Amino acid sequence: MADDDCVDPIADWQPRDALRQQLEQQGWTVKRIKVEDGCYEVRGIDSAGNKFKARYAPASLQIRELEINFRHGGKAADYLDHGRKK
C-alpha cells in the first residue's frame, strides 16, 4: 500500500540507534528495527509486556502506525495521548 510508505529523503534519516534509545527510555524492549517501505519498522515488547509492531518516519522518528497484541487486561486507552502533557 503506497499510502503507508514513508517518503523522507535518506540524507535526512536519523540512525536506528536513536529510535532504539527513544523507545528504551519509554521502557520498551526493541527486538528488531528494519526498513520497510521507507519507514523504520520496529518489533518488540512494551513496558506492560505486550508485543508491538510499529512504523516510524525515519527523519523525525514520529510514529506512523502502531499494532499491539494485548496481554490479558491490556487496553488501547493506555496508548492514547488525550492531549495530556508529560
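### Observations regarding the overall build of the chain
Counting its secondary structure elements, the chain contains one helix and four strands. Going from the N terminus to the C terminus, the chain shows its helices and strands as α-β-β-β-β. Out of the 86 residues belonging to the chain, those deemed buried represent 26%. Across the chain, the fraction of contacts at a sequence separation of at least 24, relative to all contacts at a separation of at least 6, is 33%.

### Some thoughts on the nonpolar core
If you look at the biggest cluster of nonpolar residues, it comprises 12 residues: Leu19, Leu23, Trp28, Val30, Ile33, Tyr40, Val42, Phe52, Ala54, Tyr56, Leu61 and Ile68. Looking at this core, the elements that each hand over two or more residues are helix H1 (16-25), strand S1 (29-36), strand S2 (39-45) and strand S3 (51-56). Ranked by residues supplied to this core, first place goes to S3 with three residues. With sequence-adjacent residues up to four places away left out, Ile33 is seen in contact with Arg16, Leu19, Arg20, Tyr40, Glu41 and Val42.

### Thoughts on the pairing of S1
Strand direction decides the pairing type here: S1 and S2, joined by seven bridges, are antiparallel. Within S2, the position partnered with Arg32 by the bridge is Arg43. A loop of two residues connects S1 with S2, the two strands running antiparallel in sequence, and Asp37 in this loop sits at a positive phi of about 55°.

### Focus on the pairing of S3
Pairing analysis gives six bridges linking S2 to S3, with the strands arranged antiparallel. Note that in S3 the partner of Arg43 across the bridge is Lys53. What sits between S2 and S3 in their antiparallel hairpin is a turn of five residues, with Gly49 showing a positive phi close to 90°. When S3 meets strand S4 (residues 63-69), the two strands line up antiparallel, connected through six bridges. Across the sheet, residue Tyr56 finds its bridge partner in S4, namely Ile63.

### Some thoughts on the pattern of salt bridges
On inspection of all chains with the given rule, the structure shows five salt bridges. The residue Arg55 makes a salt bridge to Glu65 at a minimum N-O spacing of 3.9 Å. You can see Arg55 sitting in strand S3 and its partner Glu65 sitting in strand S4, a full 10 residues away along the chain. Three or more residues joined by partner-sharing salt bridges are found here, namely Arg32, Lys34, Glu36, Glu41 and Arg43.

### Topic: the sheet that holds S3
The four strands lie next to each other as S1-S2-S3-S4, forming an open sheet whose pairing is antiparallel. The open sheet has two edge strands, S1 and S4, and neither has a second partner. Sheet twist, expressed as the average angle between the axes of neighbouring strands with direction ignored, equals 15°. Taken strand by strand, H1 contacts S1, S2 and S3, and its axis lies near 145° from that of S1.

Procedures and definitions
Residue numbers run consecutively from 1 along every chain, following the written order of its sequence. Side-chain atom pairs in this predicted model are given and counted only at pLDDT of 80 or more, local residue features only at pLDDT of at least 70, and totals for whole chains, interfaces and linings cover all residues. Excluded from the side-chain calculation are hydrogens and water; included are all heavy atoms of the structure. Runs of E in the DSSP output that reach at least two residues are strands. Runs of H or I that reach at least four are helices, and both are numbered from the N terminus. Relative accessible area decides the class of each residue, using a 1.4 Å probe on protein chains only: under 20% of the type maximum gives buried, over 50% gives exposed, and in between gives partly exposed. Two residues form a contact once any of their heavy atoms are found within 4.5 Å. In plain words, nonpolar cores are sets of buried Ala, Val, Leu, Ile, Met, Phe, Trp, Tyr and Cys residues tied together by side-chain atoms within 4.5 Å. Paired strands, in this sense, are two strands between which DSSP finds at least two bridges. Salt bridge, as used here: a side-chain nitrogen of Lys or Arg that lies within 4 Å of a carboxyl oxygen of Asp or Glu. Axes, fitted as lines to C-alpha atoms, cover a helix only where it is in contact. Angles between the N-to-C directions of the axes lie from 0 to 180 degrees.

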